[in-house]
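# Structural description and commentary
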Amino acid sequence: REIRREGYQLKNLPLASNEQIPNDCDLLIIAGPKLAPQPFENTAILNYLSRGGRLLFLIDRQDKIPSGWEDIAERIGVSFANLTAITEGTFGGYNLSIDFFGDHPVSRDLAKNSVSLSSPQVLEINNEAVSRFRLKTDIVVLAPSRAWGETTPEQLPRIYNPGIDRKGILPLAIASEVPGGENLALKLMR
C-alpha cells in the first residue's frame, strides 16, 4: 500500500517467461521464497543487481543448507547464520517481539513500535562481499538483547546451549546499498 501511495506500480515478474528483469524495474521484491532459484533466475537476479538494481529480499530460515540463495545473499553483502532468533518467552513458540530498529530510512518510522516476527533468520554481514562490491550496510532490525541464535528451534524446551547456540548482536534485517546511488528507501519513505 505504501509503495503504491508513492506512485509505484507493483507487477508480478515470472522469470520463467522473461529470463531477464526489465530495465524499468525500480525495486525487485523477493518475499519468502519456498524453492531455490533456477539457474536462469539466479543469473537474471545477479545481472539485475550488477547493473545497479535494487532488491528487497525477505527470506525465512532455510532448513536445507545450502539453500540456493547464497549467491544472491553474497551479492548484497549478507550471509545466513543458520540460526533462528528466539527467547525463552518467544510467543507461540516461534514469534519474536522486536523493539529495536536501526537508524535507517527503512526503519526510522518503526522506532516507537513493536513488531512480531515468526522464526526470524539471523543474518551476518559478509565483509568480504561488502568490500568486493563496494557496499554500505546497516543493521535495520536486531533481535532483543535477551535473545539468542538457536541451532535447533524445533527442540523444546528452548534452552541456550553455550558453544552451540549464539548470543550477542543478532541482525534480522540488513540494508545494503551502493554508496552514491539514488536511495530508493528515502524516496519510498518520504
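Note: the structure precedes this text.
Rules of the game
Residues numbered from 1 in each chain as written. Predicted model: local features only at pLDDT ≥ 70, side-chain atom pairs only at ≥ 80, totals over all residues. Heavy atoms only, no water. Helix = DSSP H or I, 4+ residues; strand = E, 2+ residues; numbered from the N terminus. Pairing = 2+ DSSP bridges. 1 Å grid on protein atoms, 1.4 Å probe; cavity = no way out; pocket = protein on both sides within 12 Å on 5 of 7 lines; lining within 4 Å. Points joined across faces, edges and corners; volume = space filled by probe spheres on them. Nonpolar A, V, L, I, M, F, W, Y, C, P; charged D, E, K, R; others polar. Salt bridge = Lys/Arg side-chain N within 4 Å of Asp/Glu carboxyl O. Buried < 20%, exposed > 50% of the residue type's maximum accessible area, 1.4 Å probe, protein only.

## Details of unusual backbone geometry
Unlike most non-glycine residues, Asn82 shows phi in positive territory, near 55°. Within the secondary structure layout, Asn82 lies in strand β3 (residues 78–86). Phi at Ser119 takes a positive value of approximately 45°, unusual for a residue other than glycine. Note that Ser119 resides in the loop between β6 (115–118) and β7 (121–125).

## Let's talk about the sheet that holds strand β10 (residues 171–177)
Read from one edge of the open sheet, 3 strands run β5-β8-β10, paired in antiparallel fashion. In this open sheet, the two strands that pair with only one neighbour each are β5 (100–101) and β10. Taken together, the 2 bridges between β5 and strand β8 (residues 136–142) define a ladder with antiparallel strand orientation. Residue pairing for β8: Phe101 is matched across the bridge by Val141.

## Description of the layout of surface pockets
Taken as a whole, the second largest pocket encloses approximately 870 Å³ of empty space. As for the second largest pocket, its lining consists of 28 residues, of which Lys11, Asn12, Leu13, Leu28 and Ile29 are closest to the centre. Here the residues of the lining of the second largest pocket are counted per class, giving 20 nonpolar, 3 polar and 5 charged.

## Here's the deal with the pattern of salt bridges
Taken as a whole and assessed by the stated rule, the structure comprises 4 salt bridges. A salt bridge links Arg166 to Glu124, with the nearest nitrogen and oxygen atoms 2.7 Å apart. Of the two residues, Arg166 sits in the loop between β9 (148–150) and β10 while Glu124 sits in strand β7, which places them 42 residues apart along the sequence. Assessed through its relative accessible area of 28%, Glu124 is described here as partly exposed. For Arg132, the salt bridge is made with Glu128, and the minimal N-O distance between the two is 3.4 Å. Note that Arg132 and Glu128 are positioned in helix α5 (residues 127–132) at a spacing of 4 residues, about one turn of the helix. Take Arg132: its relative accessible area is 41%, and that puts it in the partly exposed class.

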